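Reading the structure
So you can see what is in the structure, the chains are spelled out below.
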Amino acid sequence: MRLSRYFMPVLKEDPKEAQIVSHRLMLRAGMIKQQAAGIYSWLPLGFKVLNRIQAIVHEEQQRAGHIPMLMPTLQSADLWRESGRYDDYGDEMLRIKDRHKRDLLYGPTNEEMVTDVFRSHVSSYKDLPLTLYHIQWKFRDEMRPRFGVMRGREFLMKDGYNFDLDRDAALHAYNRHLVSYLRTYERMGLQAIPMRADGGPIGGDYTHEFLVLAETGESEVFYDSEITDLKFGGREIDYDSVEACQAVLEEFTSRYARTDETHDEAIFAEVPEERRRTARGIEVGQIFYFGTKYSEAMGATVVGPEGNRVPVEMGSHGIGVSRLLGAIIEASHDDKGIIWPEGVTPFHVGIVNLKQGDVATNSACEALYAELKTQGLDALYDDRDERAGAKFATMDLIGLPWRITVGPRGIANNKVELTSRRTGESVEMSPQEAILRLKEIYQPVFDAAF
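Basis of the calculations
- Residues take numbers from 1 onward in each chain, read along the sequence in its written order.
- Only residues with pLDDT of at least 70 get local features here, since the model is predicted, and only at 80 or more are side-chain atom pairs given and counted; chain-wide, interface and lining totals rely on the full set of residues.
- Working from all heavy atoms in the structure, the side-chain values ignore hydrogens and water.
- For salt bridges, the criterion is a side-chain nitrogen of Lys or Arg within 4 Å of an Asp or Glu carboxyl oxygen.
- In this description a helix means any DSSP run of H or I spanning at least four residues, a strand means any run of E spanning at least two, and both kinds are numbered starting from the N terminus.
- A simple rule labels every residue: compare its accessible area, found with a 1.4 Å probe on the protein chains alone, to the largest value its type can have, and call it buried under 20%, exposed over 50%, or partly exposed in between.
- Pairing between two strands requires that DSSP report at least two bridges joining them.
- To get an axis, fit a line to the C-alpha atoms, keeping to the stretch in contact for a helix; angles then go from 0 to 180 degrees between the N-to-C directions.
- Any two residues whose heavy atoms approach within 4.5 Å at even a single point are treated as in contact.
- For our purposes a nonpolar core is just a set of buried Ala, Val, Leu, Ile, Met, Phe, Trp, Tyr and Cys residues, chained together by side-chain atoms within 4.5 Å.

Under the criterion given, the structure shown has 30 salt bridges. Put simply, aspartate 378 and lysine 48 hold a salt bridge, and the shortest N to O gap is 2.9 Å. Of this pair, aspartate 378 sits in the loop between helix 10 (359-374) and strand 20 (379-382) while lysine 48 sits in helix 2 (residues 44-63), and the two are 330 residues apart along the sequence. Note on aspartate 378: relative accessible area 22%, which makes it partly exposed. The salt bridge involving aspartate 103 is made with lysine 97; its shortest N-O contact spans 2.5 Å. For lysine 97, a relative accessible area of 55% translates into the label exposed.

Let's shift gears to helix 11 (residues 388-398). Turning to helix 11, its buried residues number three or more, namely Ala390, Lys391, Thr394, Met395, Asp396, Leu397 and Ile398. The first or second residue beyond helix 11 is glycine 399, which carries a positive phi of 80 degrees.

Spatially, 20-19-21-22-23 is the arrangement adopted by the 5 strands of the open sheet, whose pairing is mixed. At either end of the open sheet lies a strand with only one pairing partner, and these are strand 20 and strand 23 (426-429). When the angles between neighbouring strand axes are averaged without regard to direction, this sheet yields 20 degrees. Here helix 11 sits on the sheet in contact with strand 19 (349-353), strand 20 and strand 21 (402-406), set at roughly 170 degrees to strand 19. The sheet strands contacting helix 13 (residues 431-448) are strand 19, strand 21, strand 22 (416-420) and strand 23, and the helix crosses strand 21 at an angle near 175 degrees.

Looking now at the nonpolar core. Side chains that are nonpolar tend, in soluble globular proteins, to be buried together. The biggest cluster of nonpolar side chains holds 77 residues, and the ones touching the most others in it are Met31, Ile53, Tyr185, Phe210 and Val284. Here this core gets 8 residues from one element, more than from any other, and that element is helix 5 (residues 167-187). Among the nonpolar cores identified, the runner-up in size contains 25 residues, and Met71, Tyr89, Phe163 and Ala300 belong to it.

Without other data, these values stay purely geometric and don't point to any function.
As structure tokens, then:
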């Protein structure tokens, strides 16, 4: 993509309405535009990152054996009346009527609808276990939408739902989700800590939230500092193995880590004092086991091995896809702008032409751009007739992890400059060496794809 032809309305000044770093930088980088309170248009750069994140979520869900589908944004109120949640959910639910005066709602979550799908088509335990998921837009009518995509009213979410014959199988599904979430967040360059949490309106007394530590986090969290040393890494897990998934759950949840709703000062006091930490966290996902809460209310039963009908055991599992952009920026930025991790960057590398119009420099940039594309690397070529400082400022603001700078003096010696956005370190090398180096850097990202 050539920047002269791209739509990226960068702002020079900090927007007055932005209260936190991620909101300010997303507006300045031309990633989003507010259309109403808590509702945004996703402009090309922001949409590109959103798609990168969605791809990782899809890959890790399917690696774990979960099956993608798509449910509508509008739901019948009758389903929610069956479960008893229609009146209980509160003012966050947007309730509407169609032209025939039928009650509908803009879905804040999909437990009722997916249970209806299940009960319509599954009747035997032989079809279990089953986990269905989708990535869909949700709406919750926040009283005070703020912090950009971090607390908007419309948001993109992955929500998955497991159906199992008994409690043990459902808890294995819970553990399987925990493992897949750890992989998902690490691929995005995040450390998301699973913390004991509150079930809220979803229900269930067994649930963990995944939180990214950040000063602007909404939740106060309490944890044992040892948990921040844990990494899932590149290990391979057999998702069908109860023992393997249980071992990961125990590894990542055996140390104290809780949100303020479930914090227990007496238990926290048992953690050695030098390891006790209090911080702020951004919630980026949550997993729930709630048993037969919905299946009993809505008649989602199967014929069991003994021939009798039993309600299925269920859980639901969400990842805040659009919220993740804000969380990543909150965790990875400096005073110049965003610093994207390689796994989610909108472009793998930026090319800066220091002297647009110079024949040799133009030719070298065009050759680099074409070869990077051939090698599967997505480059943003700044071919604008702008001064070098403005080009560097734009690249720093939008946060591409790597930049190749091409100028007449360097090209005369067959040299370009490869710069790391995170460290600021620059190294001179030939264009061919720069391409090979970028291939090496991104190979683990490509290898991690499912």
